[in-house]
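Summary of the model geometry
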Amino acid sequence: CAVGAAAVLPCVSGSYANATNLTDASKCTACPAGSACSTGSVEPTPCSPGTFAAEEGQAKCEACPPGTSSDRGSDSCDACEAGRYAANAGQGLCNRCPHPLSSVNGSTTCSFCIDDYYLRNTVADPEEIYKSPAEYCKPCPPNAACPDNTTLSSLVLPPGFWRASPSSAVLTACRDFGGDRAGEARCAGNERGAKQASRRLEEAGSDEYCAPGFTGPECQLCAAENHYLVDGDECKECGARGAAAGRIAGLVLGLCVACGLAAYCYSMTEWRGGGHTGPLLPP
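Keep in mind that what you see is a predicted model, and the values were worked out from it rather than measured. (Residues numbered from 1 in each chain as written. Predicted model: local features only at pLDDT ≥ 70, side-chain atom pairs only at ≥ 80, totals over all residues. Heavy atoms only, no water.)

Here we look at the overall build of the protein
Scanning the protein from terminus to terminus reveals four helices and 20 strands. Of the contacts formed within the protein by residues at least 6 apart in sequence, a portion of 38% connects residues at least 24 apart. (Helix = DSSP H or I, 4+ residues; strand = E, 2+ residues; numbered from the N terminus. Contact = heavy atoms within 4.5 Å.)

Quick look at the structure:
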């Protein structure tokens with residue numbers, strides 16, 4: 001008997017019976033999953049929203065953990081869908097994330113930006129991001145792409161655009177190659193793959209936005225050492241330093257010899273006598 005009971009209560013907690021003349025607890029039925037039965041129950045009590053009973057024979061329902069919710073009479077809790085969250089235990093419904101924030105499945109808060117926005121400060125406290133979403137989520141810069149969960153460093157740059165560093169939101173259009181490489185982009189961007197759904201986001205320096213072999217602002221410099229740019233489209237190797245020094249030395253030596261010969265001829269008295277000029281030409 002329960003304390004204070006005025007009559008025999010044969011069904012213990014976790015079981016029930018709707019008959020009034022039972023004298024043996026073994027005749028009671030176990031409370032089904034998704035419900036609870038206190039001592040002396042005549043029928044199961046469905047779990048309220050936000051609670052669950054995973055197995056039969058439960059005396060009470062348990063609260064769903066944060067990040068999940070449940071309907072009435074549930075035997076389990078469902079994780080919140082992406083874009084929703086449950087901050088507290090025992091929630092019957094998951095809350096929608098405030099604009100322009102989103103979340104992954106089973107979230108207890110919303111801490112990243114939706115499509116077409118980027119998170120400008122990745123070290124910010126998630127709670128601060130949640131409280132001031134417009135302060136942290138900024139519209140995607142012109143010509144860039146911002147899938148869900150994009151940060152400033154992971155902005156997607158299409159081919160033909162460049163930026164100074166992963167901390168810059170300013171995109172610069174680059175001119176394409178000319179000549180034999182007409183139509184190719186000098187600035188390769190950081191978009192990989194033909195399908196947008198399978199983009200690979202790269203958090204890299206400005207050189208990673210350049211086509212192979214190029215570097216620097218707007219990818220206008222040769223990446224390899226001892227190379228120079230020809231017509232703005234092709235990198236060629238500079239001549240060897242030894243060969244260049246040899247040519248300069250040869251030029252200097254030639255000038256010295258020429259000057260020596262000139263001085264020698266000028267110093268000869270016969271040449272200076274004027275007899276080598278010849279007769280004047282008739283008018």
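Comments concerning the nonpolar core
Grouped together as the largest cluster of nonpolar side chains are 18 residues, with contacts concentrated most on Leu155, Trp162 and Cys219. Grouped together as the second largest cluster of nonpolar side chains are 10 residues, Cys113, Leu119, Ile129 and Tyr136 included. (Core = buried A, V, L, I, M, F, W, Y, C linked by side-chain atoms within 4.5 Å. Buried < 20%, exposed > 50% of the residue type's maximum accessible area, 1.4 Å probe, protein only.)

Observations regarding the packing of aromatic side chains
Applying the stated rule across the entire model yields two aromatic pairs. Pairing phenylalanine 177 with phenylalanine 214 gives two aromatic rings, centres 5.1 Å apart and planes at 50°, and the pair type is tilted. Linking phenylalanine 177 in the loop between β16 (172–173) and β17 (214–215) with phenylalanine 214 in strand β17, this pair joins segments that are 37 residues apart in sequence. Under the relative-accessibility criterion, phenylalanine 177 is labelled buried at 4%. (Phe/Tyr/Trp six-rings, centres within 6.5 Å; stacked < 30°, edge-to-face > 60°.)

Some words on the confidence of the model for the protein
Across the protein, the average pLDDT comes to 82, with 78% of residues at or above 70. Long-range and interchain partners of residues 193–205, a stretch whose pLDDT sits below 50, account for 20 contacts in this model, where long-range means more than four residues apart. (pLDDT = per-residue confidence, 0-100.)

So, the state of the cysteines
Per the stated rule, a full pass over the model turns up 11 disulfides. There is a disulfide in this structure between cysteine 222 and cysteine 235, and the S-S distance comes to 2.1 Å. The disulfide joining cysteine 222 to cysteine 235 has a torsion of about -100° about its S-S bond and is therefore left-handed. Taken as a pair, cysteine 222 in strand β18 (residues 221–222) and cysteine 235 in strand β20 (residues 234–237) lie far apart in primary sequence, 13 residues in all. The exposure class assigned to cysteine 235 is partly exposed, which follows from its relative accessible area of 24%. The cysteine cysteine 238 is free of any disulfide, with cysteine 222 supplying the nearest cysteine sulfur at 8.4 Å. (Disulfide = S-S within 2.5 Å.)

Remarks on the pattern of salt bridges
Applying the stated rule across the entire model yields one salt bridge. Here arginine 120 and glutamate 135 are joined by a salt bridge, their closest N and O atoms 3.1 Å apart. Taken as a pair, arginine 120 in the loop between β13 (117–119) and α1 (126–131) and glutamate 135 in helix α2 (residues 133–136) lie far apart in primary sequence, 15 residues in all. A residue is classified by how much of its surface remains accessible, and arginine 120, at 36% relative accessible area, is partly exposed. (Salt bridge = Lys/Arg side-chain N within 4 Å of Asp/Glu carboxyl O.)

Brief notes about the environment of threonine 45
As for its position among the elements, threonine 45 is in strand β4 (residues 45–46). Between the C-alpha atoms of threonine 45 and glycine 34, which are 11 residues apart in sequence, the distance is 8.6 Å.

What about the environment of cysteine 64?
Within the secondary structure, cysteine 64 sits in the loop between β6 (62–63) and β7 (68–69). Owing to a relative accessible area of 0%, cysteine 64 belongs among the buried residues under this scheme. In the structure, cysteine 64 is positioned 15 residues away from alanine 79 in sequence and 9.7 Å away in space, judged by C-alpha atoms. The contact partners of cysteine 64, leaving out residues within four places of it in the chain, are Gly50, Thr51, Phe52, Ser69, Ser70, Cys77, Ala89 and Gly90.

Focus on the side chain of serine 41
For serine 41, the location among the structural elements is in the loop between β3 (35–36) and β4. Reaching out from serine 41, the side chain makes a polar contact with the backbone oxygen of serine 38 at a distance of 2.6 Å. Beyond its immediate stretch of four places on either side in the chain, serine 41 contacts Ser15, Tyr16 and Ala17. (Polar contact = N/O pair within 3.5 Å; in protein donor to acceptor, adjacent residues only side chain to side chain.)

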